[in-house]
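One letter stands for each residue in the lines below.
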Amino acid sequence: MLELLPGLLLQVPIANEGTDHYWVVLTGPKDGDEVVFVMLTDARNVLNPNPVLPQGTQISQLLRLRKQTTVNYARSRRAPRSQVASLIRNGSLETLGQCTQELLELLRSALLDSPDTPDDVYDLCLGLDW
């Protein structure tokens, strides 16, 4: 099975929208059978964006941000590892390498601080040794 490591950057191509969505995996295999991931989005799409990543930020070897970006913590998700791996294998999700360690740490910290993080995601992550 594909190993879903913390910091893995996933791209969700949306053909009808002419845009792509990016997700970052926050949990690793030692954290359980579910993957927690957050969605990166245009900072204009979130009322109180935190953190804000400036345009031009290199977040992985394969991706430099084209616009000011933030995380939509309200859309944070958890899903079975096997389901996410299956979506990668069938091409519904593409991998874009690992995000930087600094970004991973920032996203994890902000996830626990955000009032928008769904309760089930918060509860799962609260006890993890990050």
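Residues numbered from 1 in each chain as written. Predicted model: local features only at pLDDT ≥ 70, side-chain atom pairs only at ≥ 80, totals over all residues. Heavy atoms only, no water.

> Explain the packing of aromatic side chains residue by residue, including any values.
For the structure shown, the criterion picks out one aromatic pair. On the numbers, 5.1 Å between centres and 80° between planes, the contact of Trp23 with Phe37 is edge-to-face. Taken together, the residues span a long stretch of sequence, with Trp23 in strand β2 (residues 19–25) and Phe37 in strand β3 (residues 34–42) at a distance of 14 residues. As far as burial versus exposure is concerned, Trp23 and Phe37 are alike and both buried. (Phe/Tyr/Trp six-rings, centres within 6.5 Å; stacked < 30°, edge-to-face > 60°. Helix = DSSP H or I, 4+ residues; strand = E, 2+ residues; numbered from the N terminus. Buried < 20%, exposed > 50% of the residue type's maximum accessible area, 1.4 Å probe, protein only.)

> Please give an account of the side chain of Arg81 that cites residues and values.
Secondary-structure assignment places Arg81 in helix α1 (residues 81–89). One buried charged residue, Arg81, forms no salt bridge at all, with the nearest opposite charge on Asp31 at 5.4 Å. Here the side chain of Arg81 touches Leu4 through a polar contact of 3.2 Å, landing on its backbone oxygen. Among the polar contacts made by the side chain of Arg81, one reaches the main-chain carbonyl oxygen of Gly32 at a distance of 2.9 Å. (Lys, Arg positive; Asp, Glu negative; His and termini not counted. Salt bridge = Lys/Arg side-chain N within 4 Å of Asp/Glu carboxyl O. Polar contact = N/O pair within 3.5 Å; in protein donor to acceptor, adjacent residues only side chain to side chain.)

> Tell me about α1, and name the residues and values.
Every buried residue of α1 is listed here: Arg81, Val84, Ala85 and Ile88. The arc enclosing the buried residues of α1, seen along the axis, measures out at 100°, which places them on a common side. Buried positions along α1 lie against β1 (8–14), β3, β6 (69–80) and β7 (94–98). (Arc of directions from axis to C-beta. Contact = heavy atoms within 4.5 Å.)

> With reference to specific residues and values, describe the environment of Gln58.
Assignment of secondary structure puts Gln58 in strand β4 (residues 58–60). On the accessibility criterion, Gln58 (33% relative accessible area) is partly exposed. Through-space distance from the C-alpha of Gln58 to that of Leu5 is 19 Å; in sequence the pair is 53 residues apart. A distance of 2.6 Å separates the side chain of Gln58 from the backbone oxygen of Ser60, its partner in a polar contact.

> Could you give me a rundown of the pairing of β1, with the residues and numbers involved?
Counted residue by residue, β1 has five buried out of seven residues, so it is predominantly covered. Bridging between β1 and β7 involves three bridges; their strand directions are antiparallel. When the sheet's bridge partners are listed, Gln11 is paired in β7 with Glu94. (Pairing = 2+ DSSP bridges.)

> Outline the pattern of salt bridges, supporting the account with residue identities and numerical values.
Evaluation of the coordinates by the stated rule reveals four salt bridges. Close ionic contact of Glu34 with Arg78 constitutes a salt bridge, the shortest N to O distance being 2.5 Å. Here the residue Glu34 occupies a position in strand β3, and Arg78 occupies one in strand β6, the gap between them amounting to 44 residues. Notably, a salt bridge pairs Asp42 with Lys67, separated by 3.9 Å at the nearest N-O pair. Here Lys67 lies in the loop between β5 (63–64) and β6 and Asp42 lies in strand β3, a separation of 25 residues in the sequence.

> Any details on the side chain of Thr117? Residues and values, ideally.
Within the fold, Thr117 resides in the loop between α2 (101–113) and α3 (119–126). Look at Thr117 and you get buried, because its relative accessible area is 6%. Polar contacts involving the side chain of Thr117 include one to the main-chain carbonyl oxygen of Leu111, which spans 2.7 Å. Aside from chain neighbours lying at most four places away, what touches Thr117 is Tyr73, Leu111 and Tyr122.

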